[in-house]
Amino acid sequence: RLAGCWKYWAEKYNYFDSKEDAEAFYDEIVYMLLNQIAAPNSPQWFNTGLYYAYGIKGKSQGHYYVDPKTEKLEKASSAYERPQPHACFIQSIKDDLVNENGIMDLWVREARLFKYGSGTGTNFSAIRGKGEPLSGGGTSSGLLSFLKIGDRAAGAIKSGGTTRRAAKMVCLDIDHPDIEEFIFWKAKEEKKAKLLIEAGLDSSFNGEAYETISGQNSNNSVRIPNSFFKVLEEDGFWELTFRTTKEVCKKIRAKDLWSKIAKAAWECADPGVQYDGTINEWHTTPAGTDGKVGARHNRINSSNPCSEYMFLDDTACNLASLNLVKFLDSAMKKFDIAAFKHACRLWTLVLEISVSMAQYPSKEIAKLSYEYRTLGLGYANLGSLLMILGIPYDSKEALAFTGAITSIMTGVCYSTSAELAKEKGPFKAFPLNRKHMLRVIRNHRRAAYNSKAEDYEGL
């Protein structure tokens, strides 16, 4: 079903020179799936090929796609003729209650993703803080009041089934007026849960105690720029700013704020931290489609729920994982690099084909996913591989082995991408971002060769 569907769309959009090439691709992918050498992300299993193999259409759910032949944005006519194979989404939000791309609209778009097994992340820093004025009079009830609505909606829908919580990431910039409340959101809710459990409520994963409290359906992360660490180092005061006026609303000692993040994470494992400065230094397309480097819509503001996908707002990424143990000759204690490279090349093609066949939950995501064509290849079973080889998990040898495998994978994915670009043309946003992307790739090369810190460009 999966391999056949990918082959169908690949032939439809001329990815192969011949029928024999298409059949060879199909056979390779089937072999890897059946032998658990590789696997795509879960929405591919849920959605891909249901129409191709079984003729299941499903009613339209408000998805969009860009037709690769006409390059026009189209509204999907069914749920499965074009599947939703992407697992990872990053969505933007406006400081608006009910209009398109506003707060309530985001919950609808999130529902569309959860229904088909996908996950989504959003940076909510555009939403005004508690006490900021509203256009209709009065003041805002604050970001947390809205996050709790989104949390409830996610809890009701879940991602692709009742046994899995919704895959949802909530990011907030560290200068937001409500950052302190956000930091302790989950930690406070955990305390409520403990009291409810002591009072006799069911303490299981889906039990009444945890169903009663908020904040249980998302991973929360604080976005921290390099400038914060400079203030922290100098024991200075960090400024929180109103979203509407950009005025400073509060100054807080950086060390106190940093301690709050650490304490909350120690108590309940949230929030995580995302190093905004470093992330954007490794951003391959900071010029976007309009050449405006530094503009918020061209920066990386958030990640997907698991944080392996970091890219522009209103984009999507489909993923696959290679099972590293399957490339190991355990008797010889040898890793098959040639087979691994071959698999990386083929699965980059699978992911690329998936972009061409996909539909998306909004017009913006359909458009930008077509223009950037983001793919994500990773690996699984690294721990098992190291144990079989007798390499201590937390050792320099383990780091070197992991670095080598990751470097080979990254290099092959980029070279396969270049090969595809030669045949099909580069992704639409490439010309404006060429120099930025090549700088990042040169830095990847420096990392592979263990270069000195001063040899890196733009870090």
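Everything that follows concerns the structure shown earlier in this document.
Residues numbered from 1 in each chain as written. Predicted model: local features only at pLDDT ≥ 70, side-chain atom pairs only at ≥ 80, totals over all residues. Heavy atoms only, no water.

Glancing now at the overall build of the protein. Secondary structure summary: the protein contains 17 helices and 16 strands in total. In terms of overall dimensions, the protein is globule-like: its C-alpha atoms have a radius of gyration of 23 Å, near the 23 Å expected for 459 residues. Each of the 459 residues in the protein was classed as buried or not, and the buried ones make up 50%. Taking contacts inside the protein between residues at least 6 apart in sequence as the whole, the part at least 24 apart equals 70%. By element, 54% of the accessible surface of the protein is carried by carbon and sulfur atoms, the whole surface being about 21900 Å². Taking the average place of the 59 positive charges on the side chains of the protein and the average place of its 55 negative ones, the gap between the two points comes to 2 Å. (Helix = DSSP H or I, 4+ residues; strand = E, 2+ residues; numbered from the N terminus. Rg over C-alpha atoms; globule rule 2.2 N^0.38 Å. Buried < 20%, exposed > 50% of the residue type's maximum accessible area, 1.4 Å probe, protein only. Contact = heavy atoms within 4.5 Å. Areas by Shrake-Rupley, 256 points an atom, 1.4 Å probe, with all protein chains shown as cover. Lys, Arg positive; Asp, Glu negative; His and termini not counted. Charge placed at Lys NZ, Arg CZ, Asp CG, Glu CD.)

Further remarks concern the side chain of Ser78. As for its placement among the helices and strands, Ser78 is situated in the loop between strand S3 (73-75) and strand S4 (88-90). Residues within four places of Ser78 in sequence aside, it is in contact with Lys57, Gly58, Lys59, Ser60 and Gln359.

Glancing now at the nonpolar core. If you look at the biggest cluster of nonpolar residues, it comprises 44 residues, and the most contacted ones within it are Trp6, Phe25, Ile29, Leu322, Phe340, Trp347 and Leu377. When residues in this core are grouped by element, the largest group, ten residues, is from helix H13 (residues 337-357). Those residues within four positions of Ile29 in sequence are excluded, and the remaining contacts are Ala3, Trp6, Leu346, Trp347 and Val350. Counting residues in each nonpolar core, the second largest holds 32 residues, with Ile103, Ile174, Val222 and Cys268 among its members. (Core = buried A, V, L, I, M, F, W, Y, C linked by side-chain atoms within 4.5 Å.)

A word on the pairing of strand S8 (residues 237-241). Relative to strand S9 (residues 248-253), S8 runs antiparallel, the two being bridged by five bridges. Directly across from Thr241, in S9, lies its bridge partner Val248. Hairpin connection, S8 to S9: the antiparallel pair is bridged by six residues, and Lys246 has positive phi, about 65°. (Pairing = 2+ DSSP bridges.)

Another aspect to go through is the packing of aromatic side chains. The tally for this structure, following the rule as stated, stands at 21 aromatic pairs. Here the aromatic rings of Phe229 and Trp258 are separated by 5.5 Å at their centres, their planes lie at 85°, and the arrangement is edge-to-face. Here the residue Phe229 occupies a position in helix H10 (residues 226-233), and Trp258 occupies one in helix H11 (residues 254-268), the gap between them amounting to 29 residues. According to the relative accessible area criterion, Trp258 is partly exposed, its value standing at 29%. (Phe/Tyr/Trp six-rings, centres within 6.5 Å; stacked < 30°, edge-to-face > 60°.)

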